[in-house]
Structure formats: structure tokens, C-alpha cells
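# Descriptive structure summary
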Amino acid sequence: MTADIDRTAGPKDTPPAGPQAIKAIPVRHYGRYVTAVVAIAILVAIIHAFSQGRINWHAIPSYFFDHRIMTGVGKTLMLTVLSMLIGIVGGIVLAVMRLSKNPVTSSIAWFYIWFFRGTPVLVQLFVWFNLGLVFQYVNLMPFYKDYWSNFMTPLLTALLGLGLNEAAYMAEICRAGLISVDEGQTEAAHALGMSNGKTLFRIVVPQAMRVIVPPTGNEVINMLKTTSLVSVVQFSELFRYAQDIGQVSGAPVEMYFLAATWYLIMTSVLSVGQYYIERYYARGSSRSLPPTPWQKVRAHLTSFSSRKVTA
């Protein structure tokens, strides 16, 4: 027998040729550079225009921590929290009613949402404040009886006007979150013998929170800004206190800028809180959680330093 000889094999002392290194040349995006220059030029022009205007910028730091402004900030936050509590609780009840198989309750919820979403908040505040023309007395039999004007205080008017209006929007947000959960989850819970209430609050609601939380955070931020409307019903909050200080000090426009700065500070803090709440409820729905703001900053700094070293 003759042994088979592999004639295709090369000499043993010749190493195989390895892959050559690829020299990557970054693509230059000249359009981005032009856009950045234009944006910076517009920003500089706006800053220059404000610096040359007849605005007393020194008045803003003088009143920034004034006790009236700080009182207004506290009342604004209080009104935001209480109104959102009314809106969230009412929204959950309305969402369950809207999804009910009972045509009466679902129709009532639909009418409520239709009415309060279809009328402006400012109009609703005026209606609540002037309902004394319809209800002269508030008579709760042995518990409470008084004139409507004494019962409907500015704080109660603000809470009803903001909270009940918010309930209509929260109802649609909650309804969207509830119907986003697969029906198989409910069927599996019923197969295990769980009641409708336990299925709703132990199975459906925890999964719906991932859909409910982001728009709810936006509603909280929007509510904080909407509280500035309650000054029309004589409730004093941040914007009302800033107006009063501006009329007395002779710097009304400066106080508007001061109020706007405080609104930006509060909404920025709420935005950070919303981000971490969304990140918490994103667990289990994505392979990796999104990075926190500090992690993003640290990643950018690390990449910048590495580029500098390689250069």
C-alpha cells in the first residue's frame, strides 16, 4: 500500500499570513460644524440683546430668597402635590370605571373625561369660584352648613380646579397602562383562583406602571407650572407673590424672570426624580438599565481623556 501524500500543504516553516490592521479614517461631518456655529451665534446674539436691555438684573438676586418668594415656592409645591394626589386617585377610579363592563359606570367616566378635558383649566377655576350663584348654601345636615362664598376658599377652589381636571388626563394615562398588559396575565391569575381585585393590584398594576410612570411624571411637571393660574382666584403662590413684589419694587419684569428661574429649578429637580423612577420600573423589561446622568458624564469624560491620550 502506498501512503496518501497531501500535495497542497506548504512548507512547515512558512507561518500563515495574518489579517492586516485596518486604519479607520473618521468621516468629517461639516454640516454639524456649520450648525453648531450658527446655533452658538444665535445664542450669543440673544444673550447680548438681554444684556443691553433696560432690565435691572441686580434686583433678581436681591429678592431671590425673599421670605415672600420662599413662601410662594412652598405653596406652589404644596398645591402641586395635593392636586396630583386628587388627580391620580381620581384617574385610577375613572380608568377602572371606563374599563368596566357596566354601561352606566363606563358612560359616566366617559362623560367626565370628555367634559374636563374639553374645557380650559382657567374656565374651570372661575366656574368653581362663582358657583355661589347656583348653590347659595352648603348644607351637609348636622355636620356643616355655611354660605358657598365662605365654603369655597381660594385654596379649595385651586384644588378642585386643578385636581379634578388632572383626574381626566390621569384616567386616560392609567387606562392606557392597564390595557397594555397582556390579557393572558389576567387569565392566568384567575386560573390560580385570584379575585378581580387581587389580579388588578398584584398582577396588572405593577406591570402597567412601566407605561404609566413616564406620562405621569410629565403631568407632575405640567401641574407645577399650571399652578400659576390660581392667582386669578386670589390664591397666593409663587407667581402671585412675584407680581406683588414687582408692583411694590417697581421691577415687575425682573420679578417675572425671578419666578421663571424658580420654576426652572423646581421642574429640573422633578425631572431628575422622574428619570430615576422610570429607571426603577424599567427593571425586567430591558436587558440593561439606562445609564444615570452621572454615569453619562463620567463616560463622556473617560472617552474624552482616552482620545486625548491616543492623539
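Residues numbered from 1 in each chain as written. Predicted model: local features only at pLDDT ≥ 70, side-chain atom pairs only at ≥ 80, totals over all residues. Heavy atoms only, no water.

Okay, helix 5 (residues 121-129) next. Each turn of an α-helix holds 3.6 residues, which means side chains three or four residues apart point in the same direction. If you check which residues of helix 5 are buried, you get Val121, Gln124, Leu125 and Trp128. Along the axis of helix 5, the buried residues cluster in a sector spanning 105°; they form a single face. Turning to helix 5, the residues buried within the fold contact helix 4 (103-118), helix 6 (148-151), helix 7 (154-179) and helix 9 (196-226). (Buried < 20%, exposed > 50% of the residue type's maximum accessible area, 1.4 Å probe, protein only. Helix = DSSP H or I, 4+ residues; strand = E, 2+ residues; numbered from the N terminus. Arc of directions from axis to C-beta. Contact = heavy atoms within 4.5 Å.)

Another point: the pattern of salt bridges. Per the counting criterion, the structure on display carries four salt bridges. The shortest N-O distance in the salt bridge between Arg98 and Glu172 comes to 3.0 Å. With Arg98 in helix 3 (residues 67-98) and Glu172 in helix 7, this pair connects stretches of sequence that are 74 residues apart. The class of Glu172 is buried, set by a relative accessible area of 17%. For Glu172, the salt bridge identified is with Arg175, shortest N-O distance 3.0 Å. In this pair, Glu172 and Arg175 both sit in helix 7, three residues apart, roughly one turn of the helix. Look at Arg175 and you get partly exposed, because its relative accessible area is 22%. Through salt bridges with shared partners, one network takes in Arg98, Glu172 and Arg175. (Salt bridge = Lys/Arg side-chain N within 4 Å of Asp/Glu carboxyl O.)

Along the chain, the position of Glu166 falls in helix 7. Buried and unpaired, Glu166 has Arg117 as its nearest opposite-charge partner, separated by 11 Å. (Lys, Arg positive; Asp, Glu negative; His and termini not counted.)

Turning our eyes to something else, we now look at the nonpolar core. In terms of nonpolar packing, the biggest core is built from 20 residues, with Leu79, Leu125, Leu162, Met170, Leu178, Ala208 and Val230 touching the most fellow members. Sorting the residues of this core by element identifies helix 3, helix 5, helix 7 and helix 9 as the ones contributing at least two each. With seven residues, helix 7 is the largest single contributor of residues to this core. Each residue touching Leu125, except ones within four places of it in the same chain, is listed here: Thr157, Ala158, Gly161, Leu229, Val230 and Val233. Judged by nonpolar contacts, the second largest core, of 16 residues, contains Val73, Leu238, Ile245 and Ala251. (Core = buried A, V, L, I, M, F, W, Y, C linked by side-chain atoms within 4.5 Å.)

This paragraph deals with the environment of Phe239. Tracing the sequence through the fold places Phe239 in helix 10 (residues 238-249). On the accessibility criterion, Phe239 (24% relative accessible area) is partly exposed. When the C-alpha positions of Phe239 and Ala260 are compared, they lie 8.7 Å apart, and in sequence the two are 21 residues distant. In contact with Phe239, not counting residues within four places along its chain, are Ser228, Ser231, Tyr256 and Tyr263.

This part takes up the packing of helix 8 (residues 183-191) against helix 9. Helix-helix packing: each pair is described by the crossing angle between the helix axes and the interaxial distance. Relative orientation of the contacting elements helix 8 and helix 9 amounts to 145°, with a least axis distance of 10 Å. Helix 8 and helix 9 meet at a crossing whose hand is right-handed. Residues Gln185, Thr186, Ala189 and His190 of helix 8 pack against Asn196, Thr199, Ile203, Val204 and Gln207 of helix 9. Taken together, the residues of the contact of helix 8 with helix 9 break down into three nonpolar, six polar and no charged. (Axes fitted to C-alpha atoms, helices over the stretch in contact; angles between N-to-C directions. Left-handed = near helix turned anticlockwise from the far one by under 90°. Nonpolar A, V, L, I, M, F, W, Y, C, P; charged D, E, K, R; others polar.)

Take the packing of helix 9 against helix 11 (residues 252-281) next. In contact at an axis separation of 10 Å, helix 9 and helix 11 are set at 175° when each is read in the N-to-C sense. Here helix 9 lies roughly antiparallel to helix 11, going by the angle between them. Residues Met209, Arg210, Val213, Pro214, Gly217, Asn218, Val220, Ile221, Leu224 and Lys225 of helix 9 form the contact with helix 11, whose own contacting residues are Tyr263, Met266, Thr267, Leu270, Ser271, Gln274, Ile277, Glu278 and Tyr281. Considering only residue class, the contact of helix 9 with helix 11 consists of 11 nonpolar, five polar and three charged. (Parallel < 35°, antiparallel > 145°, perpendicular 65-115°, else oblique.)

Quick look at helix 8 now. Backbone nitrogen of Gly184 and a side-chain oxygen of the N-cap are separated by 2.8 Å at the start of helix 8; the cap is Asp182. The positive-phi residue at the C-terminal boundary of helix 8 is Gly193, with phi of around 90°. (Polar contact = N/O pair within 3.5 Å; in protein donor to acceptor, adjacent residues only side chain to side chain.)

A separate point is unusual backbone geometry. Look at Gln234: it is not a glycine, yet its phi comes out positive at around 70°. As for its placement among the helices and strands, Gln234 is situated in the loop between helix 9 and helix 10. The exposure class of Gln234 is partly exposed, given its relative accessible area of 47%.

Geometric values such as these leave the question of function open.
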